[in-house]
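# Summary of structural features
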Amino acid sequence: MNDFFSSCSSLDWCESYSEDAGICWSKFPFASTSFSLVERRFFISSTFRDLLKERRHLVDVIFPQLRHYFKKKHIDVAEIDLSWGIKEQDSKNGKTISLCLQEIDKSRPFFIGIIGSRYGWIPQETDLANIESLYAKYNWLKDSIKNKYSVTEMEMTLGAFTQGASVSAVFFIKEPMILSAEEDEFSQKKLINLREKITKQKVFPVYTFCDEKTLGSKVYDVLKNLIESEYPDSEEKFNYGDLI
């Protein structure tokens, strides 16, 4: 009983009284129904302009459904979607990449990579703040800059390719492949290479989708299974007789 109360993140006084059960709830400090025992964070990595509908569908529809489903299991599911959260000042100060990499680290072991029709922004060293400290922390980053990786491929490098089976990364690739006319031939070739890199690796599952609803349905099923496999017995087992 004490263990249950001590696990609560907030304490409220419940004023209701159950005559049938003979329980006076007002005697007990009781946690609100919104508390969570654990948070699972999922970093969403993709280019932005070509996947706006897909990312918005995940944020507005799919992740709220996942939160609702896992609320009864006291698991809070959070999406990390920096397409809506990077401040203009941070972007101007060269902090975009640093913020992305930090959030990926905070979201382990989960990572979602989505490939559309664009390769994305390719930064130079001058676009990075605190470049030496970043190179010291991420020993693969210098080669990524040298090889002209986009920020999206850098995210996927940290979230999956440098980690191996120690993380639960999953990739979703939009089909059919349509190369963005906004990007030059170099970026288009880099996108083709990245798609091949993802599809040929054998460590992480890869799914295809054609629109935001197809993507949403697959993301929901995959993440639900991932979390349930990690917490198979997360359903709260609480004996109300302990309060009588």
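Look up: the structure comes first, before these words.
This report concerns the structure included in the present document.

So, how was this worked out
- Residues numbered from 1 in each chain as written.
- Predicted model: local features only at pLDDT ≥ 70, side-chain atom pairs only at ≥ 80, totals over all residues.
- Heavy atoms only, no water.
- Salt bridge = Lys/Arg side-chain N within 4 Å of Asp/Glu carboxyl O.
- Helix = DSSP H or I, 4+ residues; strand = E, 2+ residues; numbered from the N terminus.
- Buried < 20%, exposed > 50% of the residue type's maximum accessible area, 1.4 Å probe, protein only.
- Pairing = 2+ DSSP bridges.
- Axes fitted to C-alpha atoms, helices over the stretch in contact; angles between N-to-C directions.
- Contact = heavy atoms within 4.5 Å.
- Right-handed = clockwise from strand over helix to strand, strands pointing away.
- Phe/Tyr/Trp six-rings, centres within 6.5 Å; stacked < 30°, edge-to-face > 60°.
- Left-handed = near helix turned anticlockwise from the far one by under 90°.

### Some details on the pattern of salt bridges
For the structure on display, the rule yields 16 salt bridges. Residue Arg56 pairs with Asp60 through a salt bridge whose shortest N-O separation is 2.9 Å. Here the residue Arg56 and the residue Asp60 both occupy positions in helix 2 (residues 52-71), the gap between them amounting to 4 residues, near one helical turn. Relative accessible area serves as the criterion here: at 29%, Arg56 is assigned to the partly exposed category.

### Notes on the sheet that holds strand 5 (residues 38-45)
One open sheet accounts for 5 strands, arranged 6-5-7-8-9; its pairing is parallel. Every other strand in the sheet has two partners, leaving strand 6 (75-80) and strand 9 (206-209) as the edge strands with one partner each. Across the sheet, the axes of successive neighbouring strands diverge by a mean angle of 20°, strand direction being ignored. Examined bridge by bridge, strand 7 (residues 110-115) and strand 8 (residues 168-174) share 6 bridges and lie parallel to one another. Residue pairing for strand 8: Gly113 is matched across the bridge by Phe171. Of the strands in this sheet, strand 5, strand 6 and strand 7 are in contact with helix 4 (residues 96-106), which crosses strand 5 at around 140°. Taken strand by strand, helix 7 (residues 151-161) contacts strand 5, strand 7 and strand 8, and its axis lies near 145° from that of strand 7.

### Observations concerning the pairing of strand 8
Of all the 7 residues making up strand 8, 5 are buried; the element is thus mostly covered by neighbouring parts of the structure. In this structure, strand 8 lies alongside strand 9, joined through 4 bridges in parallel fashion. For Phe172, the partnering residue across the bridge sits in strand 9 and is Tyr207. With respect to chirality, the unit in which strand 8 leads through helix 8 (residues 185-200) into the neighbouring parallel strand 9 is right-handed.

### Points about unusual backbone geometry
Cis geometry is found at the peptide bond from Arg108 to Pro109, where omega equals 10°. Examined against the element boundaries, Pro109 turns out to sit in the loop between helix 4 and strand 7. Cis geometry marks the peptide bond from Glu175 to Pro176, where omega comes out at 0°. Located in the positive-phi region is His74, a residue other than glycine, with phi close to 60°. Relative to the assigned elements, His74 resides in the loop between helix 2 and strand 6.

### Some thoughts on the packing of aromatic side chains
A complete count under the given rule lists 9 aromatic pairs for this structure. Between the aromatic rings of Phe42 and Phe63, the centroid separation amounts to 6.3 Å while the plane-to-plane angle is 55°, which identifies the pairing as tilted. One end of the pair, Phe42, is in strand 5; the other, Phe63, is in helix 2, and 21 residues separate them in sequence. Overall, Phe42 belongs to the buried group, its relative accessible area being 1%. Taking the centre distance of 5.5 Å and the plane angle of 25° together, the rings of Phe172 and Tyr207 count as stacked. Here the residue Phe172 occupies a position in strand 8, and Tyr207 occupies one in strand 9, the gap between them amounting to 35 residues.

### So, the packing of helix 2 against helix 9 (residues 212-230)
The description of two packed helices rests on the angle between their axes and on the distance between the axes. Look at helix 2 against helix 9: their axes get within 9 Å of each other, and the N-to-C directions meet at 35°. Our pair here, helix 2 against helix 9, has a crossing hand that is right-handed. Taking contact as the criterion, the partners of Lys53, Glu54, His57, Leu58, Ile62, Phe63, Gln65, Leu66, Tyr69 and Phe70 in helix 2 are, on helix 9, Glu212, Lys213, Leu215, Gly216, Ser217, Val219, Tyr220, Leu223, Lys224, Ile227 and Glu228.

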